[in-house]
Amino acid sequence: MQVIITGVAGFIGSNLARHLLEKGHKVTGIDNLSYGSLRNIQSLNAHTDFTFLEADLLDFKSLDKGKGEILVHLASFKIPRYTNALQTLTDNRSMLGNVVRKCNRDKIKLVFASTSDVYGKNKAYPYHENSDLVLGPTTVKRWAYALSKIYGEQYIIANHEQEGLSFTIMRFFGSYGPHQHLTWWGGPQSVFIGRALEKRPLEIHGDGLQTRTFTYVDDTVQGIMLCMFEAPAQNEIFNIANDPKEEISIKDLGTLIWQLIHGQNSKPAFEFIPYKTFGNYEDVRRRVPDIGKIIDKLGFDPQISLEEGLRRTIAWQKRIMAIT
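An account of the accompanying structure is given in this report.

Criteria and thresholds
Residues numbered from 1 in each chain as written. Predicted model: local features only at pLDDT ≥ 70, side-chain atom pairs only at ≥ 80, totals over all residues. Heavy atoms only, no water. Pairing = 2+ DSSP bridges. Helix = DSSP H or I, 4+ residues; strand = E, 2+ residues; numbered from the N terminus. Axes fitted to C-alpha atoms, helices over the stretch in contact; angles between N-to-C directions. Contact = heavy atoms within 4.5 Å. Phe/Tyr/Trp six-rings, centres within 6.5 Å; stacked < 30°, edge-to-face > 60°. Buried < 20%, exposed > 50% of the residue type's maximum accessible area, 1.4 Å probe, protein only. Salt bridge = Lys/Arg side-chain N within 4 Å of Asp/Glu carboxyl O. Parallel < 35°, antiparallel > 145°, perpendicular 65-115°, else oblique. Left-handed = near helix turned anticlockwise from the far one by under 90°. Nonpolar A, V, L, I, M, F, W, Y, C, P; charged D, E, K, R; others polar. Core = buried A, V, L, I, M, F, W, Y, C linked by side-chain atoms within 4.5 Å. Lys, Arg positive; Asp, Glu negative; His and termini not counted. Polar contact = N/O pair within 3.5 Å; in protein donor to acceptor, adjacent residues only side chain to side chain.

An order of β3-β2-β1-β4-β5-β6-β11 is seen for the seven strands of this open sheet, with the pairing classed as parallel. Taken across any chain shown, the strands that pair with only one partner, and hence form the sheet edges, are β3 (50-54) and β11 (236-240). Between one strand axis and the next, the sheet turns through 20° on average, direction left out of account. Inspection of the sheet shows strand β2 (residues 26-31) paired to β3 by five bridges, in the parallel sense. Looking at β3, one finds that Thr 28 is bridged to Thr 51. Of the strands in this sheet, β1 (2-6), β4 (70-73) and β5 (109-115) touch helix α3 (residues 85-106), which is tilted by about 175° from β4.

Below you can see the structure in the form of structure tokens.
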């Protein structure tokens, strides 16, 4: 099939493009390179079925050259921990508006990357696709990203009801792996790996007892491709996550990464950074997925344990840091 990927030079986009090309699909990738990297798609450029367009989705014309039967919308502006919330809200809304307009006009199926962050502060664990979405106060900018994705989901469903838009919505839980961004934009694991390789203290935001469930990127891509191609995925919402039994605290994640690099008996030094450093900020204490729906409906089968995924990611990041 012909597939359009927005954010193709980013972490998930570049991995998805590679897997699709290996399966014989044609891929047109769009990215403005604000956070993506040409390095991530360097190996794809020689592929005859891959076309890269450097363009900004805030301009509708950037989508005109993209031809496809499925559009996977991964481009996004993330949680405003270090940045202003305004760009998160306006850019995510505007990009999606152009993408939906494109899909409605050209009768393309839209596969939309939402986030587990939409579950917010809901304390009814684990989170399934019909769980309540519970956000904190509007005075806390941390919730702007989740709000932009909730708006996106509602906007897509409304277009399905009124315009006949075909869609699948995916809620990602903590994807990590090769091509991840090496800053906090890429998540705590990328920063922990970088600091551990340099033998520096690991920065922990808050007390480090908040927990997450991390998903190796190959498993994330497996879930995306099921959402793209499997008939039962049509007009549905799915969590894409690793086994919820692998829930881990951020502090324990840092310790695991340190020990995978420096040995079982080695212990990291931690540098605890209060949330007040980021202004009026609020974090989620637990995030635990229910993946029963995607397993039952689509046959999703995550393969990579957290420890194995981290070993692979550490090896990749070590090579990249040696180059840069």
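Once that is clear, we can look at the packing of aromatic side chains. The geometry of an aromatic ring pair comes down to the distance between the two centres and the angle between the two planes. Across all of its chains, the model carries twelve aromatic pairs by this definition. Where Phe 77 meets Trp 185, the ring centres are 5.4 Å apart and the plane angle is 75°; that geometry is what we call edge-to-face. With Phe 77 in the loop between β4 and α3 and Trp 185 in the loop between β7 (175-176) and α5 (188-197), this pair connects stretches of sequence that are 108 residues apart. Like Phe 77, the residue Trp 185 is buried in the burial classification.

Next up on the list: the pattern of salt bridges. Throughout the structure, instances matching the rule amount to 18 salt bridges. Notably, a salt bridge pairs Arg 311 with Glu 307, separated by 2.9 Å at the nearest N-O pair. Taken together, the residues Arg 311 and Glu 307, both in helix α9 (residues 306-323) and four residues apart, mark about one turn of the helix. On the accessibility criterion, Arg 311 (42% relative accessible area) is partly exposed. Put simply, Glu 308 and Arg 312 hold a salt bridge, and the shortest N to O gap is 2.9 Å. One end of the pair is Glu 308 and the other is Arg 312, both in helix α9 and four residues apart, which spans about a single turn. The class for Glu 308 is partly exposed, based on a relative accessible area of 32%. The class of Arg 312 is partly exposed, set by a relative accessible area of 32%. What emerges from the salt-bridge pattern is a single network uniting Asp 117, Arg 142, Arg 212, Asp 283 and Arg 287.

With that settled, consider the packing of helix α7 (residues 250-262) against α9. Two numbers describe a pair of packed helices, the interaxial angle and the distance between the axes. The N-to-C vectors of α7 and α9 enclose an angle of 55°; their axes lie 10 Å apart at closest approach. Considering the angle they form, α7 stands oblique to α9. In the packing of α7 onto α9, the handedness of the crossing is right-handed. Between α7, through Leu 253, Leu 256, Ile 257, Leu 260 and Ile 261, and α9, the contact on the second element is made entirely by Leu 306, Glu 307, Leu 310, Arg 311 and Ile 314. Tallied by class, the residues present in the contact of α7 with α9 amount to eight nonpolar, no polar and two charged.

Our focus in this paragraph is the nonpolar core. Membership of the largest hydrophobic core comes to 61 residues, with the highest contact counts inside it found for Ile 5, Leu 16, Val 72, Ile 224 and Met 228. Residue contacts for Ile 224: discarding those within four places in its chain leaves Ile 12, Leu 16, Val 72, Met 170, Phe 172 and Ile 240. Formed by 22 residues, the second largest nonpolar core is a distinct cluster that contains Ile 4, Met 95, Leu 96 and Val 100.

Turning our eyes to something else, we now look at the side chain of Asp 31. Looking at the element boundaries, Asp 31 is found in strand β2. Look at Asp 31: it is buried, it has no salt bridge, and the nearest opposite charge is Arg 39 at 12 Å. Here Leu 33 takes part through its backbone nitrogen, which lies 2.6 Å from a polar atom of the side chain of Asp 31. If we ignore the near neighbours within four places in the chain, the residues touching Asp 31 are Gly 7, Val 8, Ala 9, Gly 10, Gly 36, Phe 52, Leu 53, Glu 54 and Ala 55.

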